[in-house]
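# Architecture and fold: a report
Below are the chains, spelled out letter by letter.
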Amino acid sequence: MTKPLCRIASVQMVSGPDVDANLAEAGRLIAEAAAAGAQLVALPEYFPLITADETAKVRIREQDDGSGPIQAFLRETARQHKVWLIGGSCPMEASEPDKVKNSTLVYDDEGRRVARYDKIHLFGFRKGEEYYDESATIEAGNEVVSFEAPCGRVGLSICYDLRFPEFFRAMGTVDLIVLPAAFTYTTGKAHWEMLLRARAVENQCYVLASAQGGKHPSGRRTWGDSMIIDPWGEVLARLPEGPGVVVADLDPARIAEVRASLPALQHRKIG
């Protein structure tokens, strides 16, 4: 029996320093995705907060007990719109007092949390005056996470993880890879699309990338270009810049067709 199509949506934002304003904007865009028929919706990395003060996220970090305002927003919004909601990334309590876990929290359409992934690969970059060191305020995770959803098996990743193909192989066989991101303009322009399409092709699955995309109040510029890619590497929908929603249908028959005609996953010899 052929599985039905599953509509998936990527939310793109340009988050700023006001958490309440960012949550309101995320809520508006999730509602837009739900109105378009999306069953699964993904927010971008750092959707609750982007500011020039890298320690600000430590001050709003939440305990892993569901009590914080960001977790309450995700839980209640998923339930309200009857969507599976992948909460981009939000700051969660770490073992060190001056750091956070950069975590993706997933809620089903009843508002129950079904998965959590803590970002494993921490971004470091220096080019001229442009400099990033996530390890200064983020504590790395250590577990690869996937879960079952209406659209099949979903693997979770965040931003810099995209550059490590062995990480995605460790997920096993998945139908959808979700990647919330806040890619820099410099690295995004050079590598974003080619890496996303490569992950789709080599894992023969759909890829849903939800990005920060634009000029933030802090002066930071993120690349954007949120997109949904099919298992053959074709870009089905995209949004180059600015807040909005990208929607496409995940077709299980398309996954089966690609894997049957080119059974590369069965031909693997290493790993």
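Going by the structure above, here's the rest.
Residue indices begin from 1 for each chain and proceed along its sequence in written order. The predicted origin of the model limits local features to residues at a pLDDT of at least 70 and limits the giving and counting of side-chain atom pairs to 80 or more, whereas totals for whole chains, interfaces and linings rest on all residues. In computing side-chain properties, one takes all heavy atoms of the structure into account and sets aside hydrogens as well as water.

## Description of the layout of surface pockets
In this structure, the largest pocket spans a volume of roughly 590 Å³. Lining the largest pocket are 34 residues, with Tyr-46, Glu-54, Lys-57, Tyr-132 and Arg-220 sitting closest to its centre. What counts as a helix is a DSSP run of H or I of at least four residues, what counts as a strand is a run of E of at least two, and both are numbered from the N terminus. Every element with two or more residues in the lining of the largest pocket is listed here: β4 (90–93), β5 (100–107) and β8 (130–133). Looking at the lining of the largest pocket residue by residue, the class counts come to 17 nonpolar, six polar and 11 charged. Grid points spaced at 1 Å and placed over the protein atoms alone form the basis of the search, with a cavity being a set where a 1.4 Å probe fits but cannot get out and a pocket an open set showing protein on both sides within 12 Å along at least five of seven lines. Lining residues have an atom within 4 Å of a point. Grid points are joined across faces, edges and corners, and a volume is the space filled by probe spheres set on the points. Three categories are distinguished: nonpolar for Ala, Val, Leu, Ile, Met, Phe, Trp, Tyr, Cys and Pro, charged for Asp, Glu, Lys and Arg, and polar for the others, with Gly belonging to the last.

## With respect to the pairing of strand β13 (residues 226–229)
The alternating pattern of β13 places Ser-226 and Ile-228 on one face and Met-227 and Ile-229 on the opposite face, and all of these are buried. Strands pair, by our definition, only if DSSP identifies at least two bridges between them. With three bridges joining them, strand β12 (residues 206–211) and β13 adopt antiparallel strand pairing. Paired with Ala-209 across the bridge in β13 is Met-227. Where β13 hands over to strand β14 (residues 235–239), the hairpin turn is made up of five residues, of which Gly-233 adopts a positive phi near 90 degrees. Categorising residues by exposure relies on relative accessible area from a 1.4 Å probe, with only protein chains included: less than 20% of the type maximum marks a residue as buried, more than 50% marks it as exposed, and the intermediate range marks it as partly exposed.

## Topic: the packing of aromatic side chains
Pairs of aromatic rings are described using the distance from one ring centre to the other and the angle between the two planes. The rule is short: rings of Phe, Tyr and Trp, with Trp giving its six-membered ring, pair when the centres are within 6.5 Å, and they are stacked under 30 degrees, edge-to-face over 60, tilted in between. A full pass over the atoms with the stated rule returns 10 aromatic pairs. Their ring planes at 45 degrees and their centres at 5.9 Å tell us that Tyr-117 and Phe-167 sit as a pair that is tilted. Residue Tyr-117 is found in strand β6 (residues 113–118), and its partner Phe-167 is found in helix α4 (residues 165–169); the two are separated by 50 residues along the sequence. The buried category is assigned to Phe-167, whose relative accessible area is 4%. Taking 5.0 Å as the distance between ring centres and 70 degrees as the angle between the ring planes, the aromatic pair formed by Tyr-185 and Trp-223 counts as edge-to-face. One end of the pair, Tyr-185, is in helix α5 (residues 185–203); the other, Trp-223, is in the loop between β12 and β13, and 38 residues separate them in sequence. Its relative accessible area of 26% is what places Tyr-185 among the partly exposed residues. Taken together, Phe-123, Phe-125, Tyr-132, Tyr-160 and Phe-164 form an aromatic cluster joined through their ring pairs.

## Re the side chain of Ser-15
Residue placement: Ser-15 occurs in the loop between β1 (6–12) and α1 (19–35). Looking at Ser-15, the relative accessible area reads 0%, which means it is buried. Polar contact is the term for a pair of N or O atoms within 3.5 Å; when the atoms are in protein, one must be able to donate a hydrogen and the other to accept it, and sequence-neighboring residues count only if both atoms are side-chain atoms. Polar contacts involving the side chain of Ser-15 include one to the main-chain carbonyl oxygen of Phe-47, which spans 2.9 Å. Once you skip the residues sitting within four places of it in the chain, Ser-15 turns out to touch Asn-22, Tyr-46, Phe-47, Ile-50, Gln-212, His-216 and Pro-217. We call two residues contacting when some pair of their heavy atoms lies within 4.5 Å.

## As for the pattern of salt bridges
By definition, a salt bridge exists where a carboxyl oxygen of Asp or Glu is found within 4 Å of a side-chain nitrogen of Lys or Arg. Under the criterion given, the structure shown has 23 salt bridges. We note a salt bridge from Glu-45 to Lys-119, for which the minimum N-O separation is 3.0 Å. Taken as a pair, Glu-45 in the loop between β2 (40–42) and α2 (56–59) and Lys-119 in the loop between β6 and β7 (124–127) lie far apart in primary sequence, 74 residues in all. Both residues of the pair, Glu-45 and Lys-119, count as buried. For Lys-57, the salt bridge is made with Glu-54, and the minimal N-O distance between the two is 2.8 Å. The class of Lys-57 is buried, set by a relative accessible area of 10%. Judged by its relative accessible area of 40%, Glu-54 is partly exposed. By sharing partners, the salt bridges in this structure join Asp-64, Arg-113, Arg-116 and Asp-118 into a single network.

## Some details on α1
Expected span of a helix, by definition, is 1.5 Å for each gap between consecutive residues, and there is one gap fewer than residues. Taking 1.5 Å as the rise per residue, α1 with 17 residues should run 24 Å; its terminal C-alpha atoms sit 24 Å apart, in good agreement. Of all the residues in α1, the buried ones are Val-19, Asn-22, Leu-23, Ala-26, Gly-27, Leu-29, Ile-30 and Ala-33. Elements in contact with the buried residues of α1: β1, β2, α3 (69–81), β3 (84–86) and β15 (244–250). The opening residue of α1, the one whose side-chain oxygen lies 3.0 Å from the backbone nitrogen of Asp-20, is Asp-18. With its phi angle positive at about 95 degrees, Gly-37 sits one or two positions after the end of α1.

Just geometry here; none of it tells us what the structure is for.
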